[in-house]
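Each chain is listed here by its residues.
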Amino acid sequence: MEEPRSSRQPLRVLMVEDREDDALLLIDHLESGGFSTDWRRVQGEEELVAALEQPWDLVLSDYSMPGFNGVRALELVRGRDPDVPLIFVSGTIGEETAVEAMRSGAQDYVMKDSLTRLIPAIDRELREAGQRRERRRTDQTLRQLSQVVKQAADAVFVTDRDGRIEYVNPAFERLTGYRSAEAVGNFPSLFRSRHHPDAFYGELWERVSGGVAYEGVLVNKRKDGSLFHEHKVIAPLLDERGRITHFVSTGRDITARVQAENERARLVAILEATPDLVAIVAPDGVLDYLNGAGRRLLGLGADTELAGRCLRDIFPEHVAEHLFAEAFPVACREGFWSGETTVRPPDAVADIPFSQVVLAHRGEDGSVDYLSTVARDISERKRLEAELQHQATHDRLTGLPNRFLLADRLGAELAHVRRHGGHVAVMFLDLDNFKRVNDSLGHAVGDALLQQVAARLQCCLRPTDTVARHGGDEFTAAVGDLNRVEDVLAVLRKIRAAFERPLHAGSHEVFATFSIGIALFPHDGTSVEDLLRNADTAMYRAKAGGRNQYRFYAPDMNARGHELLALEAGLRRALEQEQFQLFYQPQVDLHTGAIVALEALIRWRHPERGLVAPAEFLPLLEDSGLILPVGEWVFRRACVDARAWCASLPHPLRVSVNVSALQFTDPKLPATMRRIMNEERMPAGSLELEITENLMMRDPVLAGETLRALQALGISVAVDDFGIGYSSLSYLKNFPLDVLKIDQTFIRDLTEDPGDAVIVEASISLGHKLGLAVVAEGVETEAQLDFLRANGCDRAQGYLLGRPLPAVEIAALLPLRRQW
């Protein structure tokens, strides 16, 4: 039902009329016909042109006017708005003129004296004007759309409802290679590839013909046969009754994107398959990608979200710090960095070495867009390198260092002793009669024997020393950090002792001996070459003297060496043949003058050499290990003598025994002392052990445990040689001690040297304040004794008070009491 005129918006009417009465008459007619009007009258060209600046719904024009006419008015109106209805209302227009006016663009004409047709004519023309405007807008839109389609980068084609192509745009021609004339009239199967099965196209047609749009990726074929990937949208066009009239297909070439995605997928597949860690990070260290190997190495699950997290939160701290401090800055500056690092995976017990590369990737402006890093496990390479290094520096048969590694280590040892002092010994060892073993038992047995020889030689040396196979049946040892040149004899003893047992090769037993040449640094040479050459020369001298011989390069050392070995052999017999003897030196109480203690001093009465000085044989006892059985004999003998003396004296007597380093570090020392004291019925409080402060400070924890165990047995402990050793006062407070012995070096000059006097006075005061008895050693003058007595020293010992004497002679002195 048509909308009533009265409810419409006011009709905007432009009146071209020279008579105002006629214009009012027309307006009155319109309003009586139901129109609400908004009107204006003009009567000349200038007024009309000005009025056409605003829009009008209807123009009513007279045809003939003074100085103006309807034809010109029509021309001006159509020039401004081709769709606005113009109706001539005139009293003079003829039929022929009216027809000509309508051909020129007027919509109708009405005679002024017969206005009955005016209202219907206006209704009709308003409707048709609206339709004309709508068509014009539609045409304009279509032209714009057509231009857009022609200029679009996407390929567009339109088909009829049966799928026959009616239109293609230029982008379609460029994409497919088909010209419009070749495509129009054909079906889309023209560029169908065999990538999709027939069933796929059947389902696609069923979908769109059912009125449902399709969107997806198709692989189509160009005119030249090449394939391309197309993101396709196919939509049906419907008429006003909802029936499909056409299909519009829009396609975008995504071949490059698909290829890039495929390349990326292949790259990701490769990165995920590689055992190397691969990571991509922003320049600030924010992680963008980490492959599966990297996740496993760092103990991260496959589902752990990593994007946006910083490397510092994911990588081990030392690796992250290295990357941020060095690798990333170098890569950003130079484009590349490479190095090595270590990582310990969660399930590993040791660090794994990795080689790592960092690359900087720059954008078009030259700035770094991102960094990539690859880390590869080089454990196997390191193992092979170590194996090759070992093969290059070690003997294949025995596993010992070869001559090249020996020379390198010997050079390092020489440099060390040049800086810190000491001696180095080079020993050249040649197996005696090894050729006979090879010839009689075969090379396989000979090789097995060489391997056993190598193992035993290694056991004779310290970890810091080196034994090498020089070639054939020759071995070389470099022994460093010797305090005395004689210390090399201890190594000789170990080697000879180690080969007292036979070597075994299958069912064969072979006793091995060596001809040994020894060169000493710095006496026999200061370079590696000199020492090796001179040790070799000394070995040939030993070989000339017969099997199982040794020679020093320096002749005087041979005599000294033989002497020391003879002494050692004599010491071993001395214990069995009771050649050792204890002498005792008195310690006198400075308050009473009585002998209250005796220090036991060992002597060796050699059957040929007579009384041997302790300085000559005590180091040999320590080096050979004989100090343990000899020391046990000293403890027992001292207990026997002390028990006898204590039984005949009216006052207590204490016997003091020195303890060596080997004895003090022997874990069996407390048990040995308990056993001896029980067996010899040693009176409680009668035994004192003297231990140097240096010895106690080697291992304070162990020393404290040993001292407390000895104290629990009723044994007193004296600090020997106080003041010349470690000189740490803390041990006086922390260790269970009873006596402090001031070394004779401070006593000797105390009456002439104020410094010594101050030290002795301070030592006496310190000992008393800590509850210790104080003994002065080496007292030889009355002046020294007076000073000690004046400063409150408890006991004194020295030649002034009594020389060391055998037990028999000491027994005669014990009852005496002198007034010193």
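The coordinates are above.
Residues numbered from 1 in each chain as written. Predicted model: local features only at pLDDT ≥ 70, side-chain atom pairs only at ≥ 80, totals over all residues. Heavy atoms only, no water.

Colleague: So what exactly am I meant to see when it comes to the overall build of the chain here?
Modeller: Each helix and strand in the chain was counted, giving 29 helices and 34 strands. In terms of overall dimensions, the chain is more spread out than a globule: its C-alpha atoms have a radius of gyration of 60 Å, far above the 28 Å expected for 820 residues. Expressed as lengths along the three principal axes of its C-alpha atoms, the size of the chain is roughly 185 × 80 × 45 Å. Counting only residues that meet the buried cut, the chain has 45% of its 820 residues in that class. Of all intrachain contacts in the chain linking residues separated by at least 6 positions in sequence, the fraction that spans at least 24 positions is 59%. Element-wise, carbon and sulfur atoms account for 52% of the exposed surface of the chain, whose accessible area totals about 42,200 Å². Seen as two clouds, the 94 positive and the 122 negative side-chain charges of the chain have centres 5 Å apart. (Helix = DSSP H or I, 4+ residues; strand = E, 2+ residues; numbered from the N terminus. Rg over C-alpha atoms; globule rule 2.2 N^0.38 Å. Buried < 20%, exposed > 50% of the residue type's maximum accessible area, 1.4 Å probe, protein only. Contact = heavy atoms within 4.5 Å. Areas by Shrake-Rupley, 256 points an atom, 1.4 Å probe, with all protein chains shown as cover. Lys, Arg positive; Asp, Glu negative; His and termini not counted. Charge placed at Lys NZ, Arg CZ, Asp CG, Glu CD.)

Colleague: Could you clarify how one ought to interpret the packing of aromatic side chains in this entry?
Modeller: For any pair of aromatic rings, geometry is given as the distance between the ring centres together with the angle between the planes. Taken as a whole and assessed by the stated rule, the structure comprises 14 aromatic pairs. Between tyrosine 550 and phenylalanine 552, the ring centres sit 5.9 Å apart and the planes meet at 85 degrees, which makes this aromatic pair edge-to-face. Take tyrosine 550 and phenylalanine 552: they sit in the same class, and that class is buried. Arranged with centres 6.2 Å apart and planes meeting at 40 degrees, the rings of phenylalanine 580 and phenylalanine 617 form a pair that is tilted. (Phe/Tyr/Trp six-rings, centres within 6.5 Å; stacked < 30°, edge-to-face > 60°.)

Colleague: Please explain the state of the cysteines as it appears in this structure.
Modeller: Disulfides are covalent bonds that connect the sulfur atoms of two cysteines. Applying the stated criterion across every chain yields a total of zero disulfides. Left without a disulfide partner, cysteine 310 is nearest to the cysteine sulfur of cysteine 332, which lies 14 Å away. (Disulfide = S-S within 2.5 Å.)

Colleague: Looking at this model, I keep getting lost on the layout of surface pockets. Mind explaining?
Modeller: Rolled over the atoms, a probe sized like a water molecule indicates the empty space that remains. Each pocket or cavity is described by its volume, and for the largest pocket that value is around 1,300 Å³. Considering the residues around the largest pocket, the lining is formed by 41 residues, among which Glu599, Leu601, Leu618, Asn658 and Asp720 are closest to the centre. The residue inventory of the lining of the largest pocket, partitioned by class, reads 18 nonpolar, twelve polar and eleven charged. (1 Å grid on protein atoms, 1.4 Å probe; cavity = no way out; pocket = protein on both sides within 12 Å on 5 of 7 lines; lining within 4 Å. Points joined across faces, edges and corners; volume = space filled by probe spheres on them. Nonpolar A, V, L, I, M, F, W, Y, C, P; charged D, E, K, R; others polar.)

Colleague: Just to check I follow, could you spell out the sheet that holds strand β14 (residues 287-290) for this structure?
Modeller: In a beta sheet, neighbouring strands are held together by backbone hydrogen bonds and run either parallel or antiparallel to one another. The strand order across the open sheet built from five strands is β14-β13-β17-β16-β15, with neighbouring strands paired in antiparallel fashion. Every interior strand has two partners, whereas the edge strands, β14 and β15 (336-343), have only one. Mean inter-strand twist for the sheet, computed between neighbouring axes without regard to direction, equals 20 degrees. Examined bridge by bridge, strand β13 (residues 277-281) and strand β17 (residues 368-377) share five bridges and lie antiparallel to one another. Within the sheet, the bridge partner assigned to leucine 277 lies in β17 and is alanine 375. (Pairing = 2+ DSSP bridges. Axes fitted to C-alpha atoms, helices over the stretch in contact; angles between N-to-C directions.)

Colleague: What exactly am I supposed to notice about the pattern of salt bridges here?
Modeller: Pairing between side chains becomes possible if they bear opposite charge and their charged atoms approach one another. Inspection of the entire model under this criterion finds 50 salt bridges. In this structure, the salt-bridge partner of aspartate 22 is lysine 112, at a minimum N-O distance of 2.8 Å. Of this pair, aspartate 22 sits in helix α1 (residues 20-32) while lysine 112 sits in the loop between β7 (108-111) and α5 (118-151), and the two are 90 residues apart along the sequence. Given the relative accessible area of 18%, aspartate 22 is considered buried. Using a relative accessible area of 22% as the deciding quantity, one classes lysine 112 as partly exposed. In this structure, arginine 383 engages glutamate 387 in a salt bridge whose closest nitrogen and oxygen atoms are separated by 2.9 Å. Here glutamate 387 and arginine 383 lie together in helix α12 (residues 379-393), a separation of four residues that amounts to about one turn. A relative accessible area of 40% means that arginine 383 is categorised as partly exposed. (Salt bridge = Lys/Arg side-chain N within 4 Å of Asp/Glu carboxyl O.)

Colleague: What exactly am I supposed to notice about the environment of alanine 282 here?
Modeller: Checked against the element boundaries, alanine 282 lands in the loop between β13 and β14. Separated by 89 residues in the primary sequence, alanine 282 and leucine 371 have C-alpha atoms spaced 6.1 Å apart.

Colleague: Got a minute to help me understand the nonpolar core in this structure?
Modeller: As a rule of thumb, soluble globular proteins bury nonpolar side chains together. With 73 residues, the main nonpolar core has Tyr584, Trp645, Val657, Leu737 and Leu788 as its most contacted residues. Looking at this core element by element, the count peaks at nine residues for helix α20 (residues 627-648). With residues near it in sequence (within four places) discarded, tryptophan 645 still touches Tyr584, Leu598, Leu653, Val655, Ala807, Ile810, Ala811 and Leu814. Core analysis: the second largest hydrophobic core is formed by 38 residues, Val488, Leu489, Ala498 and Phe499 among them. (Core = buried A, V, L, I, M, F, W, Y, C linked by side-chain atoms within 4.5 Å.)

Colleague: Before we go on, may I ask you to explain empty space enclosed by the protein in this structure?
Modeller: In total, this model carries two cavities of 30 Å³ or more according to the counting rule given. If you trace the largest cavity, you find it lined by Leu277, Leu297, Leu298, Phe315, Val319, Thr341, Val343, Phe354, Gln356 and Ala375. There is about 30 Å³ of room inside the second largest cavity. Lining the second largest cavity are Phe157, Phe172, Leu175, Thr176, Phe191, Phe228, Glu230 and Lys232. Secondary structure elements with two or more residues in the lining of the second largest cavity: α6 (170-176) and β11 (227-238). When its residues are assigned to classes, the lining of the second largest cavity shows five nonpolar, one polar and two charged.

Colleague: What's the story with unusual backbone geometry in this structure? I'm lost.
Modeller: Glycine aside, residues mostly have negative phi, and peptide bonds are mostly found in the trans state. Omega for the bond connecting phenylalanine 521 with proline 522 falls within 30 degrees of zero, at 5 degrees, which places this linkage in the cis form. For proline 522, the location among the structural elements is in the loop between β23 (514-521) and α17 (528-544). Even without glycine at this site, asparagine 548 takes up a positive phi of about 60 degrees. When you line up the elements, asparagine 548 lands in the loop between α17 and β24 (550-552). A relative accessible area of 32% means that asparagine 548 is categorised as partly exposed.

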